[in-house]
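In case you want the letters, here they are:
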Amino acid sequence: MFQPKKKRPRIRKTMSGLIALTLLSSLVLPSVAGAEPMDPSQVKFADVSVQAGQSVHVPVTLKQPDYSAVTAYNMQIDYDSSVLEIVRITPIYVGGNFPSIVENNESNFHYKIDNEAGWVRIIWADLTAGEHPVPVEQQLFDIEVKAKNNAAPGTKKLTVNREDSEHWSFTNVDYENYTDLSGGTITITAANSGGDNSGSTPTPNPGNSSGGGGNVSPTTPVVTPVPSTPAVTKGVDIYVNGQKQEQSATATTSTVNNQVTTTVHVDNEKVINQIGSGLKTLLLPITGTGKGAVVGELNGKLLKTMEGSNAEVVIQTDSGTYTLPANQIQVDQVLNQFGSTVPLEDITIQIAIAPSATSKQTAIQAAADKLENTTVIAAPIDFEVKAIWNGQQVNVDRFNSYVERSITLPEGVDGSKITTGVVLQPDGSLLHVPTKVIKGNVQDSAIINSLTNSTYALIYHPATFSDVSSHWSRDDVQDLASRLIVQGTGENVFAPDRSITRAEFTAVLLRGLGLHAPRSAESASFTDVKTGSWYEDEVETAVSYGLISGYTDESFRPNSEISRAEALTIVSRAMKLVGLAQADASETTSLLSTYSDSAKVQAWAAEPVASAIKQELVQGADGKLMSDADISRAQSAAIVKRLLAKAGLI
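How each quantity is defined
Residues numbered from 1 in each chain as written. Predicted model: local features only at pLDDT ≥ 70, side-chain atom pairs only at ≥ 80, totals over all residues. Heavy atoms only, no water. Pairing = 2+ DSSP bridges. Helix = DSSP H or I, 4+ residues; strand = E, 2+ residues; numbered from the N terminus. Axes fitted to C-alpha atoms, helices over the stretch in contact; angles between N-to-C directions. 1 Å grid on protein atoms, 1.4 Å probe; cavity = no way out; pocket = protein on both sides within 12 Å on 5 of 7 lines; lining within 4 Å. Points joined across faces, edges and corners; volume = space filled by probe spheres on them. Nonpolar A, V, L, I, M, F, W, Y, C, P; charged D, E, K, R; others polar. Core = buried A, V, L, I, M, F, W, Y, C linked by side-chain atoms within 4.5 Å. Buried < 20%, exposed > 50% of the residue type's maximum accessible area, 1.4 Å probe, protein only. Contact = heavy atoms within 4.5 Å. Parallel < 35°, antiparallel > 145°, perpendicular 65-115°, else oblique. Left-handed = near helix turned anticlockwise from the far one by under 90°. Salt bridge = Lys/Arg side-chain N within 4 Å of Asp/Glu carboxyl O. Phe/Tyr/Trp six-rings, centres within 6.5 Å; stacked < 30°, edge-to-face > 60°. Lys NZ or Arg CZ within 6 Å of the ring centre and 35° of its normal. Arc of directions from axis to C-beta.

1. A few points about the sheet that holds strand S13 (residues 185-189)
- Ordered in space as S2-S13-S9, the three strands form an open sheet in which the pairing is mixed. At either margin of the open sheet sits one strand with a lone partner, and together these are strand S2 (48-51) and strand S9 (154-157). Averaged over all pairs of adjacent strands, the angle between their axes in this sheet comes to 30°, without regard to strand direction.
- Inspection of the sheet shows S9 paired to S13 by four bridges, in the antiparallel sense. Paired with Lys-157 across the two strands is Thr-185, which belongs to S13.

Structure (C-alpha cells):
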C-alpha cells in the first residue's frame with residue numbers, strides 16, 4: 001500500500017513517463033470493479049472560434065456529483081493535424097503543492113503533444129492517496145490550439161475515443177468513474193476577417209528575463225495562465241518602412257491575473273509578400289492600452305527574412321517602445337534549441353513590454369530606500385523576447401550589440417528629474433544601465449540601451465562631493481555618481497586626483513557600460529584574482545566581454561595603479577562593443593605625431609591611444625600624452641563619460 005510520507009518516484013516527461021504515471025495512479029488509487037456512481041461526471045471542452053493563422057484557448061472543465069472525488073485521469077485528445085496544431089497545455093489544477101511541468105522535478109501532471117499524428121495525451125494523478133482530489137467543479141487544464149495558415153473556414157472537433165481505457169479514464173477513490181464528454185467544436189474563420197473572435201486569447205503577461213550565458217537560454221516548458229475575461233480581437237494597421245499596411249495584423253485583448261494584455265498577431269506571410277527584400281523597419285504601434293502589457297507576435301520565418309535585410313521590429317506602446325534589430329534574435333540559434341528540422345513558420349517569436357509585477361516594484365523601492373537621496377520615478381517596466389514552439393520556450397535575453405528601448409514618463413513628470421535607468425540585481429541592489437532623457441512636447445522619455453533583457457526602473461539620485469566643487473572634473477564626476485557609476489571615498493569626498501587601481505578602473509568601466517554579469521560561462525584564470533574578492537565578478541565579466549587579458553605571467557595585478565596607456569587599451573576594446581570606429585594603422589601615426597612625447601607610447605598601446613584621440617576621449621596636457629603616467633579617478637570618470645556620450649548611450 002502506498003504511504004504518502006515516502007518519497008514519490010521521479011518520473012521523466014516522456015511517453016514512458018506518462019505510462020508510468022498511469023500505472024502509478026492505479027497503485028495509489030485502487031478501483032473497485034463494477035462500482036459506478038449514480039450520476040456521471042461531466043467533462044466539457046469549450047466550443048471556440050479562431051481565425052486561420054491564429055491561436056485560441058480551450059478550457060477543459062470537470063463537474064462532478066457532490067459525492068464524487070476524482071483522484072486521477074488520463075485522456076488522449078485527437079484532432080485534425082492538417083488543419084490544427086496544439087501550441088501548449090497549461091495545467092490549472094494540480095492538487096496540493098505538487099509542482100507541474102518542471103524539468104527534473106517530481107510532477108503529478110504530464111502531457112505529450114504529437115502534432116504530426118494529431119494527438120495530445122494528458123495524465124494527472126493525486127499522489128497523496130486521495131488527500132487532494134479534484135474539487136466538485138474545477139477547470140482541469142487549458143489547451144492552446146492554433147489554426148494553421150492554410151486552414152479553410154469550417155468546423156473541426158477535438159475528440160476522444162472513450163471506448164479505449166488508455167485514451168479515457170477517470171478514477172475515483174472507490175471506483176472507475178463514469179465520465180461524460182461534451183463540446184470541443186472549433187470554428188475556423190478566414191484570416192483577417194475583422195470580425196469578433198471572442199474565443200481567441202493571447203499568451204499573457206510575460207515575466208522578467210534576467211538571462212544567463214549566451215544569446216538564448218535552454219528550452220523550458222511553457223505555462224500559460226488562462227484569461228479571466230473574454231478576449232476581444234480586432235484588425236490593426238502596422239507600418240512597413242513608414243508605410244501603413246492596413247489589416248496586416250490582429251490585436252487580441254484580455255485580462256490575465258488582473259493584468260490587461262494585448263497581443264498583436266502579425267500576418268507573417270502577408271508582410272513577407274509585401275516587403276520583398278526591402279524591409280528596414282516593421283512598426284507595430286499599439287496605443288490606448290494604458291498600463292497594460294503588449295506582446296508583439298511574429299513567426300521565425302518573418303524574423304529570418306528581416307534578419308537578411310538588416311531590418312528591425314519596433315513595438316510602440318503607451319508605456320514604452322522596444323526597437324529590436326532582427327539579427328539580434330539570431331533565429332538560427334533559436335531553431336537549434338528546438339531542433340533544426342522545425343519549420344521556421346511554426347516558431348512564434350514574442351516581443352513584450354509589460355508593467356513589472358508588484359513584487360518587483362516592491363523590491364526596487366526597497367533597494368532605492370537603501371540608497372541615500374534616491375527616488376523611484378514611474379513604475380518599472382519589463383522588456384522580454386521569447387520563442388515558443390510545441391509547448392517549449394526559449395528566452396532570448398542576451399544580445400551582441402546594444403538594443404534600445406524607451407520608457408514613456410507619465411504626464412507631468414519632468415525628465416530632468418531622472419538621473420539614470422537601473423536594473424534590479426539578485427542581491428537586491430540597483431545598478432546603472434546607459435540612459436538618456438529625450439524631451440517631448442507632452443511627455444518625456446528615457447532611452448535605455450542594454451545588451452540584455454530585464455526589468456528597468458528610473459531613479460533620481462543627485463550626487464555631489466565637496467572636494468570637486470571647484471575641480472575641472474566636477475560635472476563628469478557628479479554626473480557619473482548620480483548614475484551609480486562612480487562612488488566616493490568617504491563622506492561627501494571623491495578624491496579626484498588620487499590614482500586608481502586596475503580593478504577599480506575595470507569596475508567603473510563595466511558599470512558605465514551596464515555590464516553586470518559575464519557574457520558566457522568562461523571564467524578568468526588569473527593567478528592573483530582571489531576567490532571572494534570584491535573584484536572577482538568584475539574581472540570575470542570583463543574577460544567574458546574581451547575587455548581585459550592580463551599579463552603574460554597569467555596575472556591581472558588588480559591592486560596595481562593603472563597607467564593611462566593601459567586604461568586606454570581597455571577603453572579601445574570597449575569602443576568595439578559600443579560601435580565606435582578605431583584608428584587604423586595610417587591614422588595611428590598621424591594622430592600620435594601631434595604630441596611631443598608620442599615616441600614614449602609603447603607599440604602595444606599605439607593604436608588604442610590613437611583610437612581614444614580619434615574619438616576625442618583624451619586630449620593630453622601641454623602637448624603631451626603622458627601614456628606611462630598613472631590615471632587619476634577624475635580622469636577615469638571623464639574618459640568613461642566621454643565614451644558613453646560619444647556612443648550615444650547617455
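So much for the structure itself; the text now carries on.
2. Topic: the sheet that holds strand S12 (residues 179-183)
- Overall, mixed pairing links the five strands, which are arranged S5-S8-S3-S1-S12 in an open sheet. In the strand order of this sheet, the two ends are held by strand S5 (84-91) and S12, each with one partner. Here the average twist between neighbouring strands, direction ignored, is 20°.
- As judged from the seven bridges shared by S5 and strand S8 (residues 137-147), these two strands associate in the antiparallel manner. Within S8, the residue paired with Ile-86 across the bridge is Val-145.

3. So, empty space enclosed by the protein
- As enumerated under the stated definition, the model contains one cavity of 30 Å³ or more in all.
- Lining the largest cavity we find Arg-564, Ala-565, Leu-568, Val-609, Val-618, Leu-625 and Ser-627.
- The biggest single contributor to the lining of the largest cavity is helix H9 (residues 564-578), with three residues.
- For the lining of the largest cavity, the class distribution of residues is five nonpolar, one polar and one charged.

4. Brief notes about the nonpolar core
- Judged by nonpolar contacts, the single largest core of 61 residues is most densely connected at Leu-513, Leu-515, Leu-547 and Leu-643.
- Counting only elements with at least two residues in this core, the list comes to helix H6 (474-482), helix H7 (502-513), helix H8 (536-544), H9, helix H11 (603-614) and helix H12 (633-646).
- A total of nine residues in this core trace back to one element, the largest contributor, which is H9.
- Apart from residues no more than four positions distant in its own chain, Leu-513 is found in contact with Tyr-402, Pro-434, Leu-547, Ala-574, Leu-577, Val-578, Leu-643 and Leu-644.
- Ranked by size, the runner-up nonpolar core spans 55 residues in total, among them Val-264, Ile-315, Trp-389 and Val-403.

5. A short note on the packing of H7 against H9
- At a closest axis distance of 11 Å, the pairing of H7 and H9 adopts a crossing angle of 20°. Between H7 and H9, the interaxial angle falls into the category roughly parallel. In this structure, the crossing between H7 and H9 has a hand that is right-handed. Across from Arg-502, Phe-505, Thr-506, Leu-509 and Leu-513 in H7, the residues of H9 making contact are Glu-566, Ala-567, Ile-570, Val-571, Ala-574, Leu-577 and Val-578.

6. Overview of the packing of helix H2 (residues 268-275) against helix H3 (residues 300-308)
- The interhelical angle for the contact between H2 and H3, taken along N-to-C directions, is 25°, at an axis separation of 9 Å. Compared by their axis directions, H2 and H3 come out roughly parallel. The way H2 lies across H3 gives a crossing that is left-handed. Contacts between H2 and H3 involve Asn-268, Glu-269, Val-271, Ile-272 and Ile-275 from the former and Lys-301, Leu-302 and Thr-305 from the latter.

7. Here we look at unusual backbone geometry
- Phi at Asn-373 takes a positive value of approximately 55°, unusual for a residue other than glycine.
- Here Asn-373 is to be found in the loop between helix H5 (358-370) and strand S23 (375-389).
- We note that Glu-616 has phi near 60°; this positive angle belongs to a residue other than glycine.
- Following the sequence through the fold, Glu-616 ends up in the loop between H11 and H12.
- Exposure remark for Glu-616: the relative accessible area of 53% places this residue in the exposed category.

8. Quick notes on the environment of Ile-548
- Within the secondary structure, Ile-548 sits in the loop between H8 and H9.
- Along the sequence, Ile-548 and Ile-570 sit 22 residues apart, while their C-alpha atoms lie 6.2 Å from each other.
- The contact partners of Ile-548, leaving out residues within four places of it in the chain, are Thr-506, Phe-526, Val-539, Ala-542, Val-543, Phe-556, Ile-570 and Arg-573.

9. Some details on the pattern of salt bridges
- Under the criterion given, the structure shown has 18 salt bridges.
- With a shortest N-O distance of 3.4 Å, Arg-162 and Asp-180 are connected by a salt bridge. Remark: Asp-180 occurs in strand S12 and Arg-162 occurs in the loop between S9 and strand S10 (168-172); sequence separation between them is 18 residues.
- On the basis of relative accessible area, Arg-162 is assigned to the partly exposed category, the value being 33%.
- Asp-180 gets classed as partly exposed once you look at its relative accessible area, which sits at 25%.
- Here Asp-479 and Arg-483 are joined by a salt bridge, their closest N and O atoms 3.2 Å apart. In terms of burial, Asp-479 and Arg-483 fall into one category: buried.
- Taken together, the shared-partner salt bridges in this structure form one network comprising Asp-476, Asp-479, Arg-483 and Lys-641.

10. What to know about the packing of aromatic side chains
- Counted according to the given criterion, the structure contains twelve aromatic pairs.
- Each ring, one from Trp-168 and one from Phe-170, has its centre 5.0 Å from the other, and the planes form 55°; the classification is tilted. Phe-170 carries the same exposure label as Trp-168, and that label is buried.
- An aromatic cluster is defined as three or more aromatic residues linked by ring pairs; in this entry it consists of Tyr-73, Tyr-93, Phe-109, Trp-124, Phe-141, Trp-168 and Phe-170.
- Between the NZ or CZ atom of Arg-405 and the centre of the ring of Phe-383, over which it lies, the distance is 5.8 Å.
- If you follow Arg-502 out to its NZ or CZ, it ends over the ring of Phe-556, 4.6 Å from the centre.

11. Re the layout of surface pockets
- Here the largest pocket is characterised by a volume of approximately 1,100 Å³.
- Looking at the largest pocket, it is lined by 36 residues, and the ones nearest its centre are Leu-371, Leu-430, Leu-431, Leu-484 and Gln-487.
- If one sorts the elements of the lining of the largest pocket by residue count, H8 sits on top with four residues.

12. Considerations on the environment of Val-120
- By secondary structure assignment, the location of Val-120 is in strand S7 (residues 119-125).
- Residue classification places Val-120 among the buried residues on the basis of a relative accessible area of 0%.
- Sequence separation of Val-120 and Tyr-79 is 41 residues, and the distance between their C-alpha atoms is 8.6 Å.
- Not counting residues within four places of it along the chain, the set of residues in contact with Val-120 comprises Met-75, Gln-76, Ile-77, Tyr-79, Ile-86, Ile-89, Lys-112 and Ile-113.

13. Re H8
- Buried within H8 are the following residues: Val-539, Thr-541, Ala-542, Val-543 and Ser-544.
- Elements in contact with the buried residues of H8: H7.
- Directly after H8, the chain includes Gly-546, whose backbone phi takes a positive value near 75°.

14. A short note on helix H4 (residues 331-338)
- Taken together, the buried positions of H4 are Val-331, Val-334, Leu-335 and Phe-338. Angular distribution of buried residues about the axis of H4 spans 100°; they occupy a single face of the element.
- Those residues of H4 that are buried are in contact with H3, S23 and strand S24 (392-395).

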